[in-house]
Amino acid sequence: MSFPLLRVENLSVSFTTYGQTVPVLHGVSLDVPARSQVALVGESGSGKTVTMKAIMGLLRQPPARITSGAIYYDGADLLTMPEKDRLKLRGTAMSMVFQDPMSSLNPVFTIADQMATILKYADRRLGRARSSRDRMQRVYDTLAQVRMRDPERVARAYPIELSGGMRQRVLIAMALLSETDLLIADEPGTALDVTTQAQILKLLRDLVEARGLALLMITHNLGVVRETCNTVYVMQKGVIVEKGETAAIFETPAHDYTRSLIDAVPRLTGGRRFGTAEVQS
Ligand SMILES: Nc1ncnc2c1ncn2[C@@H]1O[C@H](COP(=O)(O)OP(=O)(O)OP(=O)(O)O)[C@@H](O)[C@H]1O
């Protein structure tokens with residue numbers, strides 16, 4: 001059997017709180033082939049974050065419990081492999097870009113400190129030797145790759161000294177530090193104004209394409225999907241209700257729920273789409 005880079009197969013998860021068990025994912029399956037850009041879209045509470053956490057091994061069990069399924073990375077089941085092998089993959093083969101830069105960056109350390117630490121751990125996990133000078137050079141180079149004009153100044157800064165857009169770019173740089181094959185992005189730029197978010201999404205798409213990475217984008221916004229992904233999985237109440245090429249999904253959505261997500265797409269140009277009519281603000 002040939003596997004895509006990432007395959008989630010028949011994944012079911014439930015949560016037990018106050019003695020009550022509530023299933024939240026019901027047999028979720030999705031594929032992310034190498035070098036593809038795939039979106040998992042659904043409204044708040046549909047189960048996107050739980051899916052992402054299960055993939056990254058960040059689901060706390062309990063209260064969560066994976067009741068069925070498998071998650072294959074490069075053909076190996078992440079759910080049954082020894083924890084040390086899984087840790088090796090996280091932050092090296094697959095990395096995350098989080099949506100909220102302020103809570104993902106440590107306010108008391110400079111950007112350089114935080115990036116160098118990530119690099120140090122990635123090097124250690126991969127058994128790679130690198131001097132601290134080489135490490136700093138790599139930090140500057142990576143900041144330049146996310147289009148920071150003055151990487152050395154940014155590296156010296158504390159998170160509070162940077163704008164929201166710059167902080168989001170730092171998070172992308174952090175995810176790129178390791179030679180990752182798969183980037184999982186959780187609504188990057190959501191907290192930013194639409195123009196800055198559009199720049200962040202373009203940057204992400206350019207980097208993913210230039211480096212031949214696979215991208216799994218998690219979002220509630222089909223507008224973000226249109227900017228970044230070729231394939232879409234639509235999730236509702238823990239079930240994948242529709243899957244298809246992005247253009248086809250926008251053209252002929254098969255599911256009522258998908259149609260309602262399309263109708264709710266905020267325009268990056270300002271304005272909003274209601275049905276087929278476009279209203280400019
Ligand atoms: N720790 C938890 N304990 C109990 N239930 C949880 C927990 N985490 C998530 N859930 C439930 O799982 C379901 C899916 O939540 P999830 O966070 O994956 O949604 P989401 O699609 O990512 O939403 P959002 O876009 O708001 O982040 C929700 O019903 C939520 O209440």
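Residues numbered from 1 in each chain as written. Predicted model: local features only at pLDDT ≥ 70, side-chain atom pairs only at ≥ 80, totals over all residues.

Where do I start with the overall build of the chain in this structure?
Counting its regular elements, the chain contains eleven helices and twelve strands. Computed over C-alpha atoms, the radius of gyration of the chain comes to 19 Å, within 12% of the 19 Å expected from 2.2 N^0.38 for 281 residues, which places it in the range of a compact globule. Projected onto its principal axes, the C-alpha coordinates of the chain cover approximately 55 × 50 × 40 Å. Counting the 281 residues in the chain, one finds 36% classified as buried. The contacts in the chain between residues at least 6 apart in sequence include a share of 65% that link residues at least 24 apart. (Helix = DSSP H or I, 4+ residues; strand = E, 2+ residues; numbered from the N terminus. Rg over C-alpha atoms; globule rule 2.2 N^0.38 Å. Buried ≥ 20, exposed ≤ 12 C-beta atoms within 10 Å, placed from the backbone. Contact = placed C-beta atoms within 7 Å.)

I'm lost on the sheet that holds strand S10 (residues 239–245) in this one. Help?
Hydrogen bonds between backbone groups are what pair the strands of a sheet, and the pairing can be parallel or antiparallel. If you walk across this open sheet you meet the six strands as S6-S7-S8-S3-S9-S10, and the pairing is mixed. Bordering the open sheet on either side are strand S6 (94–97) and S10, each of which pairs with just one other strand. Neighbour-to-neighbour, the strand axes of the sheet open up by a mean angle of 15°, direction not taken into account. Bridging between strand S7 (residues 182–186) and strand S8 (residues 214–219) involves five bridges; their strand directions are parallel. For Asp186, the partnering residue across the bridge sits in S8 and is Ile218. (Pairing = 2+ DSSP bridges. Axes fitted to C-alpha atoms, helices over the stretch in contact; angles between N-to-C directions.)

Would you take a moment to explain the pairing of strand S3 (residues 37–41) for this structure?
Every other side chain in a regular strand lies on the same face of the sheet, so the side chains alternate between the two faces. Across the five residues of S3, five count as buried, placing the element largely inside the fold. Burial along S3 is two-sided: Gln37, Ala39 and Val41 and Val38 and Leu40, pointing in opposite directions, are all buried. The sheet contact formed by S3 and S8 spans five bridges and is parallel. Considered in S8, the bridge of Val41 is made with Thr219.

Just to check I follow, could you spell out the confidence of the model for the chain for this structure?
A low pLDDT score tells you not to read the predicted coordinates there in detail. The pLDDT averaged across the chain works out to 84; a share of 92% of its residues lies at or above 70. Low confidence marks residues 268–281, where pLDDT is under 50. Its contacts with residues over four positions away, or in another chain, come to 19 contacts. For this predicted complex, the interface confidence comes out at an ipTM of 0.93, alongside a pTM of 0.83. (pLDDT = per-residue confidence, 0-100.)

When you look at the site of the ligand in this model, what are you seeing that I'm missing?
Surveying the vicinity of the ligand reveals 13 residues, the closest of which are Phe15, Ser44, Lys48, Thr49 and Val50. Of all the secondary-structure elements, those providing two or more residues to the shell around the ligand are strand S1 (6–17) and helix H1 (48–56). Looking at which element gives the most residues to the shell around the ligand, the answer is H1, with three residues. Residues that form the shell around the ligand fall into these classes: four nonpolar, eight polar and one charged. (Near = placed C-beta within 6 Å. Nonpolar A, V, L, I, M, F, W, Y, C, P; charged D, E, K, R; others polar.)

Can you help me understand the nonpolar core in this one?
It is characteristic of soluble globular proteins that their nonpolar side chains tend to be buried jointly. Formed by 69 residues in total, the largest nonpolar core has its most connected members in Leu182 and Leu216. When residues in this core are grouped by element, the largest group, eight residues, is from helix H7 (residues 164–176). The contact partners of Leu216, leaving out residues within four places of it in the chain, are Leu6, Val32, Val38, Leu40, Leu182 and Ile184. (Core = buried A, V, L, I, M, F, W, Y, C linked by C-beta atoms within 7 Å.)

What am I meant to see in the environment of Ser29 here?
The residue Ser29 is located in strand S2 (residues 20–32) in this model. For the pair Ser29 and Ala116, spaced 87 residues apart in sequence, the C-alpha to C-alpha distance is 36 Å. If sequence neighbours within four positions are ignored, Ser29 has contacts with Val8, Glu9, Asn10 and Ile240.

It is not clear to me how the sheet that holds S2 should be interpreted in this structure. Could you clarify?
If you trace the four strands from one edge of the open sheet to the other, you get S2-S1-S4-S5, paired in antiparallel fashion. Each of the sheet's edge strands pairs with one partner strand only, and the pair in question is S2 and strand S5 (76–77). Where strand S4 (residues 64–73) lies against S5, two bridges are found, and the strand directions are antiparallel. Each residue of the ladder has a partner; that of Tyr72, found in S5, is Asp77. Seen against the sheet, H1 touches S1, S2 and S4 and runs at an angle of roughly 110° to S1.

What's the story with the environment of Ala64 in this structure? I'm lost.
Looking at the secondary structure, you find Ala64 in strand S4. Linking Ala64 and Pro23, residues 41 residues apart in sequence, is a C-alpha distance of 9.4 Å. Apart from residues no more than four positions distant in its own chain, Ala64 is found in contact with Val13, Phe15 and Leu59.

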